[in-house]
Structure formats: C-alpha cells, structure tokens
Amino acid sequence: MSGLNASLATALSGLTAEQGALQATTNNVANVNTPGYSREVPDLVSSDPIVVDPLTLGTGVTLKSIDSIRDPILESRIQQETQTQGQSSALASALSQTQVNFTSGTGDIGTAISNFFNSVNQLSTSPADLSLRQGVLTAAGNLASSFNVAANNLTAQRSSLDGSVEQAVGQINQLTTQIAQLNGQIANLQNVGQSAGTFVDQRTQLIDQLSALVDVSVIPTDNTLTLTTANGTPLVAGHQSFQLSTQLDPSGTQHIFAQGSDITSALVSGQLGGLLQARDQQLPALQTQLDTLAAGLATAVNTVQTGGYDLNGNPTGATDSKGNPQTPVTFFKFDAPPATGAAASLSVAITDPAKIAASSDGTVGSNGNAEAMYGLSNRALIQGQSPTDYYSGLVFNLGNDAASANAEQSASSLVLQQLNDQRSSISGVSLDQEAANMVQYQNAYAASAQVITAINDMMYAAINMTTLTG
Amino acid sequence: MRINPNPLPDLLAALGQTQQQINTDLQQISTGQSVNVPSDNPAAAAGLVQNAAQTSAADQFLRSIGSIQGEMQSADSTLNSVITALQRAITLGVEGANGTLSDSDRAAIANEVTGVRSQLINLANLSYQGNFVFAGTAIQTTPYVLDVTSPSGVRYAGNNLANTVTVGNHFSLQTNLPGSQLFTASGSDMFQALQDLLTNLQSGDSAGIGGAVAEVSNAYNYIDTARVFYGNAMNQLDSQQTYLNSETAQLAQQQNTLGGVDLPAAMTNLTTGQTSYQATLAAMGRVGQTNLFDYLK
C-alpha cells in the first residue's frame, strides 16, 4: 500500500514512538535521585518495510522496548564487596568497643598488676606494718576487680552482639521475603515479554542490602534467580523464600538455623559474619587470655602465700604449727582451670591483713616471703611470660586485630565507592543527557507533526481537486 | 566512557574521611597522646604497657629506698653513739687501772661504767617506727635485757636473721644487721667486756682491769668495722636512687616517643584537614547547580 494514507500512518508512528521515548526520559528525570535506579533508554527500531513492486517502502518507527541499563557483572562485584564491608565494619565496631577495656590509664589490668606488686615491695621494707599489709589487700582487691570488670564487659558485649545477631537474622528474613515476591512479579512480567526494569532495580537494591548482612551467592535462572549463602543454604528460590531462625544453645548464645540445621559456623561474611566472628572467636579468645592471666597470676601468688607465715607466726600452708593438717590460707579465690571464668571470679580470699604471709621463717620481722611474692612480677608465670609481658602481648594482639579490621573496612569502603562510581557511570541518570534527549525527541515529534500537517494539506488539495472537476 | 553523573556520594565520603581525620587530630592534640586506643599503634600500645610497668616499678623502688634509708640513718647514727660510749668506757677503764686509786674512786668509776652499760643497752634497743632495729627479724622483741643469770649480765633476745629488700631489677640489698653480729658477736661481745671491766674494777685487780680494757677496745674495733655495713648500704641506696631517677627520666622520654603526640605535626594535619574540609564543602555546594535544562527556553 502506498499513498498519502500510508504516509500519514508512518508519520503517526513517529509521533507515537517519540512520545514513548520522551516517556523514558521523563521517568529518568523523575528518578534522578532514586537509589538503585538504572536509567532507561528507549529501543527505537524501524518498522518492517512493505514491498510494492518495484519499491520497498518504509513504514515508520516502532518503540520496541524501554530497557534499563545495567552491568550484571558489576552488580555482583558490588554485592561481594558489600559483604566484605558488612563483615569488616561489624568486626571493627565490636573490637573498638572491646579495646576501651584495655586502654592504659587508671583501672586497667596492667596498672593494677603493677600496683599490686608495688604494694608488696613496699610491705617488704616493713613487713610487720599493718597499714602496709592493708595496702597490699587493697591493691589486690583492685587487681581482682579490674579483672572482673574487663571479663564482665566482654560478657556483656557478647550478649549485646547476640542481640545484634538476632536482629540481623530478622532483617535477612524480611529481605528474602521481599526478594521472593519481586522474583514472582518479575517472572510474571517477563513471561509475557514485558520489561521488568523497575522491579529488577528494586530487587538489586534489596540484594545489596542483603549482601551487607550475610554472604549471598546469586544464581540467575530463567527469568528469576536463586539466592544462597556461601555454603549453599538456600535463602530464596524463585518466588519462594526460606526463613532463617535463631535458637539459644546451652551456653546462652544464639545459633542460626536454616531448615533445621545449624549454619552458624558457615556464615563468614556480611554483618552477620562479622558479628559472629567477634562473638564466637575474637571475644572468647580474649576471654581465654584474660582467664589464663588471672589464673596464672593468682595461682603463683597463692603458692607463695601458702609457703610462709602470717604476722602471728602461724604457718599458712597445709599444716599448722603443731604439724596438724589445716586449710591453707590462700590469697586469691577464683574458678581454677579447667573451669572457665577465672578473671570474672577472681577475688581476694583474705580479709585480715595479718594473714598475709610476709614472713618466711615465722619471725615477725621477716620479709622473705614478701620478697618471694614480689619476685613473681618478673617471673615467667604464664606461658613462659611474666604477667606484664603476657598482658602487653594481649594488648598488642587486640590492637592488631582491631587495626586490621579498621584497615579492611577502609579498604573495602574505598573499593565499594569505586564500584558504585562505576555503577553510577553506567546506570546513573545524567540530567544533561536527559535534557539533550528531550530536545531530540521534542524536535523529532515536531517534525513528525509537520509531516502530518503537510500530508493533511496534500489530502486537502487532492479532495478539492475532485470537487473542482466534479 | 560515560562519566559518573552524580559525584555527590564521593564527595560525601571524602567529607566523612576528612572529618574523621580532624577528629583524630583533635583527640591527639587534646590528650597529648598519639596512642589513645591499642589499634592506633598496637606495637606502641604494648610498649606503653611495658613502659608503664617499668616506670611504676622504678617509682616504687624509690619509695622503698626512702623507707629503708630512714631506718638505716637512724641505725648508723645510733652506732656512732655506741662508739662514743665505748670510747668513754675505755677512758674509764684506763683511769681505773691506775694503782694509786682508792677503793671509793674505783667504785665511782664502776658506777659510771654501769651508767655507760645502761646507755649502751638503750642504744642497742633502738626502735624505729615501733620496730627494734638490732633484733634481727624479731623486731617486736626487746633485743637486750639485763639478766643476772647471763655471764655478761645482758641477754640477747633477738635472732640472727637479716632481711633483704628488692630495690631494683635484679638488685636487692640486705637492710639490717642483727645485734648478735654487732654488739654481742662471739669473741667481741661488748657487754661481756663491760661486765669483765666492772668485775675487775670492783675487785680492784689492776691487771684484770687492763685485760678488760683490751676486751672493750676489741669490741670497739669490731663494731667500728661492722658499722661500715650501714655506710656501704646507704651509699648503694644513694647510687641506686640516682640510677632510678635517670631511669625514670629515660622511661618518660621513651613513653613520649612511643605514645606522645608530635604537636606541630598534629596541628599542621588539623589545619590541612580543616582546609580540605572547607574546600570539599565549597565543591559540594557547586555540584549540580546547573544543567542543560537551565538553558532550554
């Protein structure tokens, strides 16, 4: 078919297509600040030509689809990096809280150890002096309470991390439910050949949020996708989501279950991974070191204490002055290994300052045992190290762990920022570009409209021509 | 390549980083410390723990030395008086050995020797802050008491034990000398010598008096030599004090090197940070102010 009517139809296709293209621009401009939005571009193709022998005539333009511009490989890099970022920032924030307990100043364990040994050295200069003996008991009490405070803070921090774990699991479940719903909507649209750009954007946004919480692997399948954790536990399959649940273990910490099996130890990335790493590895390791230090120090002091004589000349060991068995007068009381919690349970067993065994021979003025007790300050009591060396090693390790978590967090922030830059350069809306497109579509629309006017004139001329002859 | 149309998130991140740097600088300047938490510098934090322990120990050694010095000075000056008293006893003995003296003269001298003995008992029973200094470690037992059943007329009730006190890393010092090693050492027992002098003065045996004077001289020489212990110990304490003071100064310097803040550097960092913060803010204010839409009429 050729002729004016055909030309009119062709011009009309131009009007429609430019209107549609303008719709994409309008949507882009409207969503310029929408997080996760990928810009849309109209896919204009020329309509199939018709052949009117000997001519092949074009039939105008079709707006085939409006496509969202995104790079799936980049999206998956962003999701991976978001996991690292979530993990390192959860760990860094946990460790920076922990560090405060081990920052030198008044009341830290290092100072308390020094003060205790100092008080013993002072007692050594005048072993019968009751006020100096009281000074030793006070310093020992402070030492015990500095251990107690540090250990209790670690426990409190673990239980607050436990709360965060539960919260994170709740958020994960909410996100997987939403993603499964979107999967259903996207599949429905794509099954009838429609573009589901907006839904895909929303889903990408939700997967990013999920990546910040847990290690997610994205497996695209026909028209939909499957999400699993790194160890293969399914979270979302198509339009179905699988909920995680938490359950208290006998020690009172939350474990994470997926379909009946405990996956706690398999979660290593995302915020949840970082929380679990702090809760189940870093803090318990620190607690063990504290217990080792407390138990090692207290045991050594007790050994010296029970090998001497108190102010009244009575032996403090397992036999009394007449050789009869007695309960040894120990200095510190604590839950000795293999029981845990030496640091939390450490306390001073003596209340009467006269009971401190400063004397090594039963004479009131002897300081032999006080000297032996002071000597412990430089002795390799704990895993081949003096108490101060062991404590400074503990501070070093904690500082190192916290510093690397901080460094990892900054590094992954930078990487993530660059990846987001890249995403934005591919998918972000540029107002300049949209303005240019708008002008372009507007001009094309105006031109098509002009063509219609011209055809109209021609039609008019043709109709009038008939009237004149008729 | 398409340019990222929205640089604001980058600028915001830069702003955050600059703000954090400024906070760090401010904290360092206000605390004077570059290591406020262990992660600021783990090795320095561990070093600071050691440094604090060493400083604290050095301060304690200085306090202990102070306590010991008091007692030692008191012991030393008491021994000075003992020496003077023994000199007086020797003078009296030499007087009493003079054969021309009458019985009543010798009795008067004997009387005076008895006085010297009481003075010496008093001196040997020196107590410092409620503890007997020359009783060995039996510091709450009066060491020398008159006892007629004892050949020397005086009985030692203390013991033969001495204390040592740690006043430095791997440095400890004996802090007392029991009376049994000073006044009543076997072979040079000053009370035995005085007793012999008294006995001979009372019996008027000139030769015996001469022998007793020799005994007292012997005791005098012995104590004069033995008391060097206190002089030596006090010298050692003095030099240990000097050493500890310089060690404390060194530790303070090390602490500053490890954890102190380099103020000029921190101030410069702060100024740089603030400038960069303001520049970033100014840049952000200009982002996206205009685009093509503004020029379409």
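Located above this text is the structure these notes cover.
Conventions we followed
Residues numbered from 1 in each chain as written. Chains lettered and ligands numbered in written order. Predicted model: local features only at pLDDT ≥ 70, side-chain atom pairs only at ≥ 80, totals over all residues. Heavy atoms only, no water. Helix = DSSP H or I, 4+ residues; strand = E, 2+ residues; numbered from the N terminus. Rg over C-alpha atoms; globule rule 2.2 N^0.38 Å. Buried < 20%, exposed > 50% of the residue type's maximum accessible area, 1.4 Å probe, protein only. Contact = heavy atoms within 4.5 Å. Areas by Shrake-Rupley, 256 points an atom, 1.4 Å probe, with all protein chains shown as cover. Axes fitted to C-alpha atoms, helices over the stretch in contact; angles between N-to-C directions. Parallel < 35°, antiparallel > 145°, perpendicular 65-115°, else oblique. Left-handed = near helix turned anticlockwise from the far one by under 90°. Nonpolar A, V, L, I, M, F, W, Y, C, P; charged D, E, K, R; others polar. Phe/Tyr/Trp six-rings, centres within 6.5 Å; stacked < 30°, edge-to-face > 60°. Salt bridge = Lys/Arg side-chain N within 4 Å of Asp/Glu carboxyl O. Pairing = 2+ DSSP bridges.

Moving on, we come to the overall build of chain A. In terms of regular secondary structure, chain A is built from 10 helices and 13 strands. The globule rule puts the C-alpha radius of gyration for 470 residues at 23 Å, and the 39 Å found for chain A is more than 25% above it. In chain A, which comprises 470 residues, the proportion classed as buried is 46%. Sequence-distant contacts, at least 24 apart, represent 69% of the contacts inside chain A between residues at least 6 apart. Per element, the accessible surface of chain A, about 21000 Å² overall, is 54% carbon and sulfur.

The subject of this paragraph is unusual backbone geometry. Most peptide bonds take the trans form, and the phi angle of most residues other than glycine is negative. In this structure, Pro54(A) follows Asp53(A) across a cis peptide bond, with omega equal to 10 degrees. Of note, Pro54(A) is situated in the loop between strand 2 (50–52) and strand 3 (55–57). Phi is positive for Gln259(A), close to 45 degrees, though the residue is something other than glycine. Among the secondary structure elements, Gln259(A) is positioned in the loop between strand 10 (254–258) and strand 11 (261–262). Although it is not a glycine, Gln129(B) sits at a positive phi angle of roughly 50 degrees. Secondary-structure assignment places Gln129(B) in the loop between strand 1 (127–128) and strand 2 (131–132). Exposure remark for Gln129(B): the relative accessible area of 65% places this residue in the exposed category.

Here we come to the packing of helix 3 (residues 109–125) of chain A against helix 8 (residues 368–375) of chain A. All names here are of chain A. At a minimum axis distance of 9 Å, the contact between helix 3 and helix 8 shows a crossing angle of 155 degrees. Classified by the interaxial angle, the pair formed by helix 3 and helix 8 is roughly antiparallel. Helix 3 and helix 8 meet at a crossing whose hand is left-handed. Touching Phe116, Phe117, Val120, Asn121 and Ser124 of helix 3 are Ala370, Glu371, Met373 and Tyr374, all from helix 8. The residue makeup of the contact of helix 3 with helix 8, split by class, is six nonpolar, two polar and one charged.

All names here are of chain A. This structure, assessed with the given rule, holds 13 aromatic pairs over all chains. Consider the rings of phenylalanine 117 and tyrosine 374, whose centres lie 6.4 Å apart with planes at 80 degrees: the pair is edge-to-face. In this pair, phenylalanine 117 sits in helix 3 while tyrosine 374 sits in helix 8, placing the two residues 257 residues apart along the sequence. A single burial state applies to phenylalanine 117 and to tyrosine 374, both of which are buried.

Residue and element names in this part refer to chain A. Per the counting criterion, the structure on display carries 10 salt bridges over all chains. Where arginine 70 meets aspartate 201, a salt bridge forms, and the shortest distance between an N and an O atom there is 2.4 Å. Within this pair, whereas arginine 70 is found in the loop between strand 4 (61–68) and helix 2 (72–99), its partner aspartate 201 is found in helix 5 (residues 197–213), the two being separated by 131 residues in sequence. A salt bridge links glutamate 75 to arginine 423, with the shortest nitrogen-to-oxygen separation between them at 2.3 Å. Taken together, the positions of glutamate 75 in helix 2 and arginine 423 in helix 9 (residues 387–427) put the pair 348 residues apart, joining distant regions of the chain. With respect to burial, glutamate 75 and arginine 423 carry one shared label: buried.

Time to look at the sheet that holds strand 11 of chain A. All names here are of chain A. Strand order in the open sheet formed by three strands is 9-10-11, with antiparallel pairing between adjacent strands. The open sheet has two free edges, formed respectively by strand 9 (244–248) and strand 11, since each of these has just one partner strand. With two bridges connecting them, strand 10 and strand 11 associate as antiparallel partners. Note on strand 11: the bridge partner recorded for phenylalanine 257 is aspartate 262. Against the sheet, helix 4 (residues 130–191) engages strand 9 and strand 10, with an angle of about 160 degrees to strand 9.

Read these as spatial facts, not as claims about activity.
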